[in-house]
Amino acid sequence: MSAPLRVGIAGLGTVGAGTVRLLGDRRELLALRCGRPIVVTAVSARDRNRDRGIDLAGYRWCDEPLALADDPEVDVVVELIGGADGVAKRLIEAAIAAGKHVVTANKALLAHRGTALARAAERAGVAIGFEAAVAGGIPIVKTLREGLAANRIQRVYGILNGTCNYILTAMRQTGREFAEVLAEAQALGYAEADPGIDVDGIDTAHKLALLTSLAFGCEVDFPGVHVEGNRHVSATDIAFAEELGYRIKLLGIARPTEHGIEQRVHACMVPIGTPIAHVEGVFNAVVTEGDFVGQSVAEGRGAGAGPTASAVVADLIDIARGRSVPTFAVPADALRPLVRSPMERHRGPYYVRLMVLDRPGVIADVAAALRDELVSMEAMIQRARAPGEAVPVVLTTHDTEEAAMRRALARIAALDSVREPPRMIRIEAL
Ligand SMILES: NC(=O)c1ccc[n+]([C@@H]2O[C@H](COP(=O)([O-])OP(=O)(O)OC[C@H]3O[C@@H](n4cnc5c(N)ncnc54)[C@H](OP(=O)(O)O)[C@@H]3O)[C@@H](O)[C@H]2O)c1
């Protein structure tokens, strides 16, 4: 059997401790599968005395994570600290400069600096493994880099944040509003005390930016992602969606259009008959559409110690076996600058909910605003009748350009009888 692969792990929180545990528990199986053992030689975190539920007695402790980059007994630096900047960035850069392979779960860092890091790694002849950075236990990075590498990808989309999906699922199942369900998710530990990164769509956008690069051979362009969260989704919209045959999901979607590459994160209405509509709770799913393979759907746990450690170790297995592919599937110098397809040029059907005063002529005014912007209505629901009071009116449109939809909504919002800002949710044809 060949010499062991020596691993230094920085960060011993949820993912780091899970990784140490997995490497210990599966030592023999991994040695068999890799043809050599994978051994942890050094670890680093802030607090040496913290109880992490794992026995660290056999591992050399480094107070300073950067020391792992220069450690002659470390072949691979596993960065599980997190953060788009700071020590995680310095550690990965130092490890690459020292000629060490890197494995990380850090989507924020890669979303901001992925292209530059991929170039540096390639120059140094080392690998960057980041399976754990996107959709945890779903091996979508490997799928795009290897399994589907023969295809031109036409679209990639998914539920990439378990917190958002948990909240939307609980809202639908209980009929409660966003704020109430978020508070419950925080109490259960499914949502952070500061939930913005999740519910405002930023975490999904980090992951989408990485998927886009992998799928379309372009540089990672996180600032180019159109990002909306799901705070504005109400229980009323979820109920209307159900009535219209849809579920509401926060999706990250990337696809080439005639204008460039569209990258967007927002709440979508997805047809109830599609697999993604049935991905519930904290689960993630990624759907890929390739020209030869067609559609493929993968569902699984997107976070947590076990699934994320599983992904980290999958990357270590590849390195131990000596298997390496370019970070974003093509050589870093061949990654093209991403041409952004502006959101105003997005085309698709829309759902709009208005709260209007129930009085004669209102619907005609709304229809006129749509007609003036050449927006074609598909259906309208106005069920409740309460003369003189505000009632919901819901309409769906045929395929419309976003710019026209926004102009029509501005006209509608300005009508006297429209009592609240219109709510718009894009319908995704899947
Ligand atoms: N949690 C998940 O399910 C999940 C899923 C996918 C990806 N990820 C990603 O995985 C990474 C780690 O996430 P996590 O949930 O495991 O985080 P976490 O539980 O907060 O753990 C972070 C670890 O980093 C250590 N650390 C922080 N600052 C440090 C410093 N300056 N020097 C040395 N060590 C430092 C902490 O040390 P102490 O323990 O001593 O404080 C802790 O052990 C992040 O990039 C995250 O986005 C997480």
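Once a new chain begins, its residue numbering starts again from 1 and follows that chain's sequence as written. At least 70 in pLDDT is required for a residue's local features to be given in this predicted model, at least 80 for side-chain atom pairs to be given and counted, and no such filter applies to totals for whole chains, interfaces and linings, which use all residues. Side-chain measures here rest on the full set of heavy atoms in the structure, leaving out hydrogens and waters.

Only DSSP runs of H or I with at least four residues qualify as helices, and only runs of E with at least two residues qualify as strands; both kinds are numbered from the N terminus onward. With respect to the helices, strands and loops of the structure, Thr236 is situated in helix H11 (residues 235-244). When a residue's accessible area, from a 1.4 Å probe over protein chains only, is under 20% of the maximum for its type it is buried; when over 50% it is exposed; and in between it is partly exposed. On the basis of relative accessibility, which here comes to 32%, the residue Thr236 falls in the partly exposed class. Between the alpha carbons of Thr236 and Glu177 there is a distance of 8.7 Å; along the sequence they are 59 residues apart.

In this section: the sheet that holds strand E6 (residues 128-129). Strands qualify as paired when DSSP identifies two bridges or more between them. Pairing is parallel across the open sheet formed by 6 strands, whose spatial order is E3-E2-E1-E4-E5-E6. Both outer strands of the open sheet, strand E3 (60-62) and E6, are each paired with one neighbouring strand and no more. Relative to strand E2 (residues 38-44), strand E1 (residues 5-10) is paired through 6 bridges, and the arrangement is parallel. The residue of E2 that forms the bridge with Val7 is Val40. The contact criterion used throughout is that any non-hydrogen atoms of two residues lie within 4.5 Å. Fitted lines through C-alpha atoms give the axes, limited to the stretch in contact for helices. The angle between two N-to-C directions lies from 0 to 180 degrees. Across the sheet, helix H1 (residues 14-25) is in contact with E1 and E2; its angle to E1 comes to roughly 155°. Helix H4 (residues 86-97) rests against E1, strand E4 (76-79), strand E5 (101-104) and E6 of the sheet, and its axis sits at about 165° to E4.

All right, on to the packing of helix H7 (residues 162-174) against H11 then. Two elements in contact, H7 and H11, have axes separated by 9 Å at closest approach and are oriented at 75°. Taken together, the axes of H7 and H11 are roughly perpendicular relative to one another. Here Leu168, Met171 and Arg172 of H7 lie close against H11, whose contacting residues are Ala235, Ile238 and Glu242. The residue classification treats Ala, Val, Leu, Ile, Met, Phe, Trp, Tyr, Cys and Pro as nonpolar and Asp, Glu, Lys and Arg as charged. All others, Gly included, are polar. A breakdown of the residues in the contact of H7 with H11 according to their chemical character gives 4 nonpolar, no polar and 2 charged. Relative orientations are named as follows: roughly parallel for angles under 35 degrees, roughly antiparallel for angles over 145 degrees, roughly perpendicular for angles from 65 to 115 degrees, and oblique for any other angle.

This next bit is on helix H6 (residues 140-147). Along H6, the positions that sit buried rather than exposed are Ile140, Val141, Leu144 and Arg145. Seen along its axis, H6 keeps its buried residues to an arc of 125°; they face one direction. In this context, the arc is that of the directions from the helix axis out to the C-beta atoms.

What follows concerns the pairing of strand E12 (residues 294-301). Where a strand is regular, its side chains alternate between the two sheet faces. Here strand E11 (residues 283-290) runs beside E12; their pairing, made up of 8 bridges, is antiparallel. From the neighbouring strand, Ala285 faces E12, where its bridge partner is Glu299.

So, on to the nonpolar core. For our purposes a nonpolar core is just a set of buried Ala, Val, Leu, Ile, Met, Phe, Trp, Tyr and Cys residues, chained together by side-chain atoms within 4.5 Å. Ranked by size, the top nonpolar core spans 78 residues in total, and within it Ile167, Leu211 and Ile248 carry the most contacts. Residues Leu12, Val20, Ala132 and Val313 belong to the second largest nonpolar core, which totals 31 residues.

The next thing to look at is unusual backbone geometry. Although it is not a glycine, Ala135 sits at a positive phi angle of roughly 60°. With respect to the secondary-structure elements, Ala135 resides in the loop between E6 and H6. In this structure Ala135 comes out as buried when scored by relative accessible area, which is 0%.

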